[in-house]
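Notes for the structure review
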Amino acid sequence: MKDKPMAVAERTLEGAVVAAERPPLSPGQLAWRRFRRHKMAMFGGLLLLLIFLYVILGSLIYSEEYANRNDLPIKLSPPSRDHPFGTDGTGRDILARTIYGGQISVTIGIFAVVISVTVGVLVGSIAGYYGGVIDSILMRFTEAMFNIPQLFLLIVLAKALSGKIPTFEILGRSLSGSVIVVIGVIGLTSWMYLARIVRANYLSLKEQEFVTAARSIGAPNPRIIFRHILPNSVAPIVVSATLGVASAILNEAYVSFLGLGVQPPTATWGNMLEQAYHHLETEPWMWIFPGLLILLTVLAINFLGDGLRDALDPRAII
Amino acid sequence: MTRYIIRRLFQAIPLLLIISAILFLLINAMGDPLASFGGRRRIRSEDRARLTRQLGLDKPLPMQYLIWLVGNDWMEIDIDGDGVPDEKGTRQGILRGDWGNSFMEKRPVSKIIAERLPNTLILMLTSEVVILVFSLLIGIYSALRQYSLLDHTVTALSFIGYSMPIFWLALMMMFIFAVHFKRWGLPYFPTVGMYDLSVGETISQVIWHMVLPVATMSIMSIAGYSRYIRGSMLEVISQDYIRTAQAKGLSERMILLGHVLKNAALPLVTIVGMDLPILLGGAVVTESIFAWPGMGRLFWDAAKDTDIPILMGVLMLISFAVVIFQIITDITYTFFDPRIRYE
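Since the model is a prediction, treat every value here as computed from it, not as a measurement. (Residues numbered from 1 in each chain as written. Chains lettered and ligands numbered in written order. Predicted model: local features only at pLDDT ≥ 70, side-chain atom pairs only at ≥ 80, totals over all residues.)

**Quick notes on the overall build of chain A**
In terms of regular secondary structure, chain A is built from 15 helices and two strands. In terms of its C-alpha atoms, chain A occupies a principal-axis envelope of roughly 75 × 55 × 35 Å. Across the 318 residues in chain A, those meeting the buried criterion constitute 41%. Looking at chain A alone, contacts between residues at least 24 apart form 69% of all its contacts between residues at least 6 apart. (Helix = DSSP H or I, 4+ residues; strand = E, 2+ residues; numbered from the N terminus. Buried ≥ 20, exposed ≤ 12 C-beta atoms within 10 Å, placed from the backbone. Contact = placed C-beta atoms within 7 Å.)

Structure (structure tokens):
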């Protein structure tokens, strides 16, 4: 059923002979091919790879203990051979902190999206599939949350939950419980848009024959929702999740900048900027480097998401 | 059309009630409002108990919400805690126009917000005008000169603008246009407040102090908006009715303004309608950085003290604006595009 337009696309692209000899590409292969041709997306992917290398390889060179070690005599020193990015207000090395801060920031971004996608897909699919009263209740709630600007919700929730979770150990590192709070707060304030997309998708998909077929052989509702319909709306979810990581990293920066984010000594790109305002004039290295890393990471993810959007769009020909 | 508007307004009422309930629940979870009550001094426990009863904080949360909504002038309050009611309540509730009193300043919330609102409006409306003018110019130009140098530059800049934390942009602006301009002996921009205290609140002072915050708030949006305008212009230009207009000999200017732009403006209406109420929040961050005495900063200061009445007031005002602007946006659609009809 889907082979026809692809075969046409093949022919217009590389000539009839090639298309006739080669078997048609799977949707996945086709998406990858479109993605590869998307210059900005490839650039974004490469940039992101470099940033991942930076935060992972960097942690082999500098230990976390070094990144969190105070060295008051050399506090606020400008970039030098020993400290290429300078030191902060308590003499900690900024280069090492951007490495460990990056790990936390990216982790927060990814896990916040896991939460927002889970909630968004659950709410959207249940509302869209069942319709009726369930739909009305869920969507009124979604709409209400959607109408409160996110930054305000973030501040209110972050303040409500701050200090509620103690420091914990994971993978041999002790992390401030505020990491969990920030992940939860960002995740719980950014699912509404996805819920609306998923709901709209389900509204049209549930009317199609394959759903009727599944129902007629007696598949239970949860199975239809998650095994039959969900794979069909995976494209918008993937795109929205990718772009969601970018905005979650930005949101982490906002929350931290306002002092409600991850508590030191655990570093994040966001909380490294918290004191930025006080060092605006005299110690610009303290805020330029973490900010630049946030900008590059978010930029890379946005490029990637944009490319994915084009690559996963089945109507696009190339 | 009138019936449509009335129906939408009626639908907005339950929505706003749900929003207020969610906000009330979340804001009351933010912490103990009495914690920062006495400033540096610690308040005695009997004072604390009296204040709690006076402010109605001893009542269960649903009751507090009800009082916020409809007031407490129909009930008696027991202030000294001896089980005997002492005086009648004086609050009227938000449904009767009483926003309550600020915990910290002990003044009506409506007065405090009314003082701050104009400052935010100046900032927000100026930014919106700057955004619209520049993004229209750039968007139209890059649609007409597709793939030109400027077109590519704007595309790149819009992605960068979209990927930057706004406070970082603000810091960069301050660093370049205030700190470095001062070092280089150039005229430099002020970074804090609305006016110089030594000069007073004159128009030229306010404009001068507005430059950096407005630039910060505009730059990111200009990049994004001009992309939208470019995109929708390109879509409209390829339509049949544009060819018809060219065929009947209209001047290029007439086609551009009367046919292309009017149709291309439609998506812009949605974005402006969505962004305006958020700008009303004064971009909490922008106002905090530039110490601009607007609503955003009011919210942030109140959040630090858990001043519940102010937080509720500011957030409800903004949510109200969001809901109303959505309705206005939908109505504006019919003006730009008579093909859209609501029954």
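**Overview of the overall build of chain B**
When helices and strands are tallied, chain B shows twelve helices and two strands. Seen in sequence order, chain B has helices and strands lined up from the N terminus as α-α-α-β-β-α-α-α-α-α-α-α-α-α. C-alpha extents for chain B along the principal axes are approximately 85 × 65 × 35 Å. Buried residues in chain B amount to 31% of all 343 residues. In chain B, the proportion of contacts linking residues at least 24 apart, taken out of those at least 6 apart, comes to 65%.

**Comments concerning the domain arrangement of chain B**
According to the domain assignment, chain B contains domain 1 (44–102) and domain 2 (116–297). Centre-to-centre, using C-alpha coordinates, domain 1 of chain B lies 45 Å away from domain 2 of chain B. (Domains from an automatic or database assignment.)

**Here we look at the interface of chain A and chain B**
Each partner contributes to the interface: chain A provides 34 residues, whereas chain B provides 34 residues. Residue assignment for the side of chain A that touches chain B shows that the elements contributing at least two residues are helix 7 (132–146), helix 8 (150–161), helix 13 (234–257) and helix 15 (285–312) of chain A. Considering each element in turn, the side of chain A that touches chain B owes the most residues, eight residues, to helix 15 of chain A. Split by residue class, the side of chain A that touches chain B holds 27 nonpolar, three polar and four charged. (Nonpolar A, V, L, I, M, F, W, Y, C, P; charged D, E, K, R; others polar.)

**Here we look at helix 13 of chain A**
Quick reminder: α-helices carry 3.6 residues per turn. Residues three or four places apart thus point the same way. Residues and elements named next belong to chain A. Here helix 13 contains 24 residues, and its C-alpha end-to-end distance of 34 Å stays within 8% of the 34 Å for a straight helix at 1.5 Å per residue. Where burial is concerned, most of helix 13 is hidden: 18 out of the 24 residues are buried. Immediately downstream of helix 13, the backbone of Gly-259 shows phi near 85 degrees, a positive value. (Expected span 1.5 Å × (residues − 1).)

**Observations concerning the nonpolar core**
Grouped together as the largest cluster of nonpolar side chains are 144 residues, with contacts concentrated most on Leu-154 of chain A together with Leu-311 of chain B. Examining the composition of this core, we find that 15 residues originate from one element, helix 6 (residues 94–130) of chain A, more than from any other. When residues of this core are assigned to domains, at least three fall in each of domain 1 (44–102) and domain 2 (116–297) of chain B. Leu-154 of chain A has contacts with Val-185, Ile-186, Thr-189, Asn-251, Tyr-254 and Val-255 of chain A, leaving out every residue within four places of it along the chain. (Core = buried A, V, L, I, M, F, W, Y, C linked by C-beta atoms within 7 Å.)

**Some points on the confidence of the model for chain B**
Across chain B, the average pLDDT comes to 83, with 97% of residues at or above 70. The ipTM, which scores confidence in the relative placement of chains, is 0.85 for this predicted complex, and the corresponding pTM is 0.86. (pLDDT = per-residue confidence, 0-100.)

**Some thoughts on the environment of Leu-150 of chain B**
Residue and element names in this part refer to chain B. In this fold, Leu-150 is placed in helix 5 (residues 149–162). Residue classification places Leu-150 among the exposed positions, given that 11 C-beta atoms sit within 10 Å. Along the backbone, Leu-150 and Phe-325 are 175 residues apart, and their C-alpha atoms lie at a distance of 33 Å. For Leu-150, the contacting residues outside a window of four places in its chain are Tyr-141, Ser-142 and Arg-145.

**Examining unusual backbone geometry**
Residues and elements named next belong to chain B. Even without glycine at this site, Lys-106 takes up a positive phi of about 55 degrees. Residue placement: Lys-106 occurs in the loop between strand 2 (87–88) and helix 4 (109–144). On the neighbour-count criterion, Lys-106 (7 C-beta atoms within 10 Å) is exposed. In this structure, Thr-306 is a non-glycine residue whose phi angle is positive, near 50 degrees. Within the secondary structure layout, Thr-306 lies in the loop between helix 11 (295–305) and helix 12 (308–336). A residue is classified by how many C-beta atoms lie within 10 Å of it, and Thr-306, with 24 of them, is buried.

**Brief notes about helix 9 (residues 178–188) of chain A**
All names here are of chain A. Most of helix 9 sits inside the fold, with eight of its eleven residues counted as buried. The complete set of buried residues in helix 9 reads Ser-178, Val-179, Val-181, Val-182, Ile-183, Val-185, Ile-186 and Gly-187. Residues of helix 9 that are buried make contact with helix 6, helix 8, strand 2 (173–175) and helix 13.

**Description of the packing of helix 10 (residues 192–205) of chain A against helix 13 of chain A**
Residues and elements named next belong to chain A. Across the interface, helix 10 lies against helix 13 with an axial gap of 10 Å and an inter-helix angle of 170 degrees. When the axes of helix 10 and helix 13 are compared, the pair comes out roughly antiparallel. Of the residues in helix 13, those touching helix 10 at Leu-194, Ile-197, Val-198 and Asn-201 are Pro-236, Ile-237 and Ser-240. Grouping the constituent residues of the contact of helix 10 with helix 13 by class yields five nonpolar, two polar and no charged. (Axes fitted to C-alpha atoms, helices over the stretch in contact; angles between N-to-C directions. Parallel < 35°, antiparallel > 145°, perpendicular 65-115°, else oblique.)

**Regarding the environment of Asn-251 of chain A**
Residue and element names in this part refer to chain A. In this structure, Asn-251 sits in helix 13. Here the alpha-carbon distance between Asn-251 and Ile-217, two residues 34 residues apart in the chain, equals 46 Å. Residues in contact with Asn-251, not counting those within four places in the same chain, are Leu-154 and Ile-186.

**Quick word on the packing of helix 7 (residues 203–237) of chain B against helix 9 (residues 252–280) of chain B**
Residues and elements named next belong to chain B. Their axes nearest at 8 Å, the elements helix 7 and helix 9 cross at an angle of 145 degrees. Of the two elements, helix 7 crosses helix 9, and the hand of that crossing is right-handed. Along its contact with helix 7, which presents Ser-221, Tyr-225, Tyr-228, Ile-229, Ser-232, Met-233, Val-236 and Ile-237, the element helix 9 presents Val-260, Asn-263, Ala-264, Pro-267, Leu-268, Ile-271 and Asp-275. Of the residues that constitute the contact of helix 7 with helix 9, the class distribution is eleven nonpolar, three polar and one charged. (Left-handed = near helix turned anticlockwise from the far one by under 90°.)

**Observations concerning the confidence of the model for chain A**
All names here are of chain A. A residue-level look at chain A finds 91% of positions with pLDDT of 70 or above and a mean pLDDT of 83. Per-element mean pLDDT across chain A ranges from 45 in helix 1 (residues 3–14) up to 93 in helix 6. Counted against residues more than four places away or in other chains, residues 1–19, with its pLDDT under 50, gives eleven contacts.

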